[in-house]
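Chain by chain, the residues:
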Amino acid sequence: MGEKFPAPTLLIVIFFILSRLIPTMGYSLRDDPESIRLASSDYGHILRENPAAVLYPTSIDDISSLIKFSNNISTPFSIAARGHGHSTMGQAMAPNGVVVDMMSLKNHRPSHASGIIVNTFNLSVNNNNYYADVGGGQLWIDVLHATLEHGLAPVAWTDYLYLTVGGTLSNAGISGSAFRFGPQINNVYEMDVVTGHGDFVTCSPQNNSDLFFGVLGGLGQFGIITRARIALEPAPKRVKWVRMLYNDFSAYARDQERLISVNGRKQSNALDYLEGSLLINQGSPNNWRSSFFPRSTYPRIISLVTKHGIIYSLEVAKYYDQHTETTVDKELELLLKGLSFLPEFVFEKDVAYVEFLNRVKSGEEKLQSQGQWDVPHPWLNLFVPKSRISDFDAGVLKGIVLKRNITTAPVLLYPMNRTKWDDRMSAVVPEEEVFYTVGFLHSSGFDEWEAFEEQNKEILKFCASVGIEIKQYLPYYETQQGWMNHFGSKWKTFRKRKALFDPKKILSPGQRIFNK
């Protein structure tokens, strides 16, 4: 029989019961104004929800005990794991509940009873497959530096490295490498997860597979990732990095699709990275994500954008080291041969591998110095089927974005291969073999974000009205029907897994999937 307390559960009750049950617990449960403030907002700065408290765990047992306690009272309180807080619509918040600050485990070396290392790097080779055991609260930038000490690096990346491992694996983790190596969730061998029951479970495709596949891309609904065994490969040294401009969308899409068709994981002649983006008739050709175009070319590029309204930028990269430095130029030349880019608008860089992977950081520092980083970010990220991408270009990019004329932030647009995604996982993508990711990465003033949100709603409404079957990435829906439509044929399995691993609906309330 559970103990009865009023809802929302009072912080003093949480303190009292936890300290009574676990008198030697080394956790820190806080409700001071600064802790509450930091946990009540995220990178989006659009929604704000105050938790009752924030848990700063010093071990995985702290997290497990908190979840078990919530399960054992008559009115359970909600719990949300927070990494670097880079969500945009409150996904890592827990209104009147407890937010677990996963990054507080970052500098601790726990001694779990199972002997599993969860917050340090354990590099191993297994059947010629390199891997690292990495804590869920670790940042990818730290994973990079730690693995590079061994001449290795993760296979799959996100564009921004200051995100936690558990955070990206709860979504998918995508970047320009996904067309070839799949999202980050497809490059995980094993995980430790604390479920919604508070149970500590090690899972893999062979053991506790339902939990393994559910958690990957599962938006935090089934458990909190405390360790992930991620795939590594020998790290390259440098990168040939090229951008090409197009004024014709059909040629742009055709060339992107051709390039991602060479996508074998072991193919030496394949690209290592491909992304596309838009140049729209506002602002500098270089945006906050990276500075690439030489300043001397600005007048020519701006003139081109002014003439056409939208210019499409194709960005590709080929990695190399001392063994391939004599062949990389030829391989890249063969890959780009016959493409339809504007020949007078081709730009190339040769940079260190770490500089390339961490390319967004300089843009962040620039915006922070200008006071433009901690502002609202009304982002919209979509997956669009290949068969409708031309309709999307005409109806959304040219028909909505250009007409509204408010978009100054990066707009990403590039294709992926569905065969690189594991359909057993919770993440949802369009049914077609090739689909595009489109990201509207807006930043705004605190009194201006509503205009971008209205544009986002108009884009979604347009796609629904003309039958473009999009899927949201980093999804946000206000109704359960919206979530049911999002998951489609996976909804039944998703709901079944929720009932199995978090039946009291304690975890990740900020996603608003199972909220009453």
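Quick notes on the rules
- Residues numbered from 1 in each chain as written.
- Predicted model: local features only at pLDDT ≥ 70, side-chain atom pairs only at ≥ 80, totals over all residues.
- Heavy atoms only, no water.
- Pairing = 2+ DSSP bridges.
- Helix = DSSP H or I, 4+ residues; strand = E, 2+ residues; numbered from the N terminus.
- Axes fitted to C-alpha atoms, helices over the stretch in contact; angles between N-to-C directions.
- Expected span 1.5 Å × (residues − 1).
- Buried < 20%, exposed > 50% of the residue type's maximum accessible area, 1.4 Å probe, protein only.
- Arc of directions from axis to C-beta.
- Contact = heavy atoms within 4.5 Å.
- Salt bridge = Lys/Arg side-chain N within 4 Å of Asp/Glu carboxyl O.

Colleague: Just give me the short version of the sheet that holds strand S4 (residues 98–101), but keep the residues and values in it.
Modeller: Judged by pairing direction, the sheet is mixed, and its four strands sit side by side in the order S1-S2-S4-S3 without closing on themselves. On the outer flanks of this sheet lie strand S1 (28–30) and strand S3 (79–82), each paired with one strand and no other. Sheet twist, expressed as the average angle between the axes of neighbouring strands with direction ignored, equals 25°.

Colleague: Describe helix H14 (residues 449–465), listing the residues and the values that go with them.
Modeller: For H14, with 17 residues, the first-to-last C-alpha span of 24 Å sits near the 24 Å given by 1.5 Å per residue. Every buried residue belonging to H14 is among Trp 449, Phe 452, Glu 453, Gln 455, Asn 456, Ile 459 and Cys 463, and all of these are buried. The buried residues of H14 occupy one face: seen down the axis, they fall within an arc of 155°. Exposed residues pointing more than 90 degrees away from the buried face of H14 are listed as Lys 461, Ala 464 and Ser 465. On its buried side, H14 packs onto strand S15 (380–385), helix H13 (389–404) and strand S17 (434–440).

Colleague: Would you mind going over the pattern of salt bridges in detail, with residue names and values included?
Modeller: Taken as a whole, this structure holds 25 salt bridges when the rule is applied. Salt-bridge contacts for Arg 388 lead to Asp 391; the nearest nitrogen and oxygen are separated by 2.6 Å. We classify Asp 391 as partly exposed; its relative accessible area is 36%. Shared partners join several salt bridges into a network, and the residues in it are Asp 133, Glu 190, Asp 192, Arg 227 and Arg 229.

No statement about biological role is implied by the geometric values presented.
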